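Chain by chain, the residues:
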Amino acid sequence: MASSRDRQRKLARAKLDRQMARRAARERRRRRIYAGVGAGVAVLLIVAGIAWIGGAFDSDPKTEAADQDVCAWTPQSATTNTNLKDVGTPPTKGIPTDGTSTMTVTTDQGDPIVVDLDRVSSPCGAEDLRYLASKNFYDNTTCHEITTYGAIRCGDPSGTGLGGPTYSVYSENTPAAPDPSPSAGAGKATTPLYPKGTVALIGNPPGTNGSQFLIFFKDYAPVTPEFSIVGAVTGGLATVEKIGKIPVVADAAGDKVKPKTKITIKTLTVGQAAAPSASAQS
């Protein structure tokens, strides 16, 4: 009997040892799993922290910029003003806001007039001209005025001063008025608000700019700024000066601003926006 009981005790002891061993093994596995998970989480947290510091979770500025409206176009009625021409409306998003675009105005008066459109200070004005040029809006139109303040007025297919597209854009780059204080300009040469070669939008009424623009053939220094600057002539200034010397006669309103010689824009094109050079950015 003793041997039988001893055998049972041994078997029970062996069973207990196996159970304890299995429990210990399970506990070791559990600890290893928890340790692995903890290490994995720690690594993920470290990686996430580094990525956060590096801006990986920040919104892409380019994507955000592409999704934001850059310009607003105000509808104008062709029913109210029959001089307007419907060619659609420019986009409001994805408009370049740096660098320049090249506008080339080819007339029957000499070499092409080349203009750098300022995408930084006047992105909507530049986009306005680019869009209309893409619709051949200006081709075979006239410059219908040589103004009394020294600018050629172009861009109205109707030639009345009332024409344009069926939308308008606000003045975004009107220069600041000069300081009226007596001491402000003492002993200093005053820079004109609109130097020769300036290209500006003109609206009727002011601030409702469409297709019409001015190219100044001489400096203009009004007391109150009037026009939103969109660019400057970089080539063909001699052509601008030549046009500015054309004699004028009275227009339908009796104002002596109508060129005696017809000035025709054969084509007007605007190239893609060019990014600023590295030297310009530094």
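Presented here is a report on the structure given in the accompanying data block.

1. Quick word on the packing of aromatic side chains
And step 1. Counted under the stated rule, the structure contains 12 aromatic pairs.
And step 2. When the centroid spacing of 5.3 Å and the interplanar angle of 20° are considered together, the rings of tyrosine 194 and phenylalanine 216 count as stacked. Residue tyrosine 194 is found in the loop between strand 9 (167–168) and strand 10 (198–203), and its partner phenylalanine 216 is found in strand 11 (residues 209–216); the two are separated by 22 residues along the sequence.
And step 3. Taking the relative accessible area as the measure of exposure, tyrosine 194 reaches 0% and is therefore buried.
And step 4. An aromatic cluster is built from Tyr149, Tyr194, Phe216, Tyr220 and Phe227, whose rings are joined through pairwise contacts.

2. A closer look at unusual backbone geometry
And step 1. Looking along the chain, the bond that leaves asparagine 204 and enters proline 205 is cis, with omega of 5°.
And step 2. In this structure, proline 205 sits in the loop between strand 10 and strand 11.
And step 3. Phi is positive for asparagine 136, which is not a glycine, with a value near 55°.
And step 4. The phi dihedral of asparagine 140 falls on the positive side, at around 65°, and the residue is not glycine.
And step 5. Along the chain, asparagine 140 turns up in the loop between helix 3 (123–134) and strand 5 (141–142).

3. Quick notes on helix 4 (residues 237–244)
And step 1. Buried within helix 4 are the following residues: Thr239, Val240, Ile243 and Gly244. Across the axial projection of helix 4, the buried residues extend over an arc of 140°, all falling on one side.

4. Notes on the state of the cysteines
And step 1. Here the structure, examined in full by the defined rule, presents 2 disulfides.
And step 2. A disulfide bridge connects cysteine 71 with cysteine 124, and the sulfur atoms are separated by 2.0 Å. Its S-S torsion of about -100° marks the bond between cysteine 71 and cysteine 124 as left-handed, since a negative value means left-handed. Here the residue cysteine 71 occupies a position in the loop between helix 2 (61–67) and strand 1 (74–75), and cysteine 124 occupies one in helix 3, the gap between them amounting to 53 residues.
And step 3. For cysteine 71, a relative accessible area of 3% gives the class buried.
And step 4. Cysteine 143 shares a disulfide with cysteine 154; S-S distance 2.0 Å. Taking the sign of the S-S torsion, 100° for the link of cysteine 143 and cysteine 154, the bridge is right-handed. Taken together, the residues cysteine 143 in the loop between strand 5 and strand 6 (145–146) and cysteine 154 in strand 7 (residues 151–154) connect sequence positions 11 residues apart.
And step 5. Judged by its relative accessible area of 2%, cysteine 154 falls in the buried class.
And step 6. Regarding the disulfides, the protein chain carries the connectivity 1-2, 3-4 under sequence-order numbering of its bonded cysteines.

5. Examining the sheet that holds strand 15 (residues 264–270)
And step 1. The 9 strands are arranged 5-15-3-4-12-10-11-7-6 in an open sheet whose pairing can be described as antiparallel. Each having just a single partner strand, strand 5 and strand 6 make up the two edges of the open sheet.
And step 2. Bridge count for strand 10 against strand 11 is 4 bridges, and the pairing is antiparallel. By the bridge assignment for strand 11, glycine 203 is matched with asparagine 209.

Reading the values: rules and limits
- Residues numbered from 1 in each chain as written.
- Predicted model: local features only at pLDDT ≥ 70, side-chain atom pairs only at ≥ 80, totals over all residues.
- Heavy atoms only, no water.
- Phe/Tyr/Trp six-rings, centres within 6.5 Å; stacked < 30°, edge-to-face > 60°.
- Helix = DSSP H or I, 4+ residues; strand = E, 2+ residues; numbered from the N terminus.
- Buried < 20%, exposed > 50% of the residue type's maximum accessible area, 1.4 Å probe, protein only.
- Arc of directions from axis to C-beta.
- Disulfide = S-S within 2.5 Å.
- Pairing = 2+ DSSP bridges.

Function cannot be inferred from these measures alone, as they are strictly geometric.
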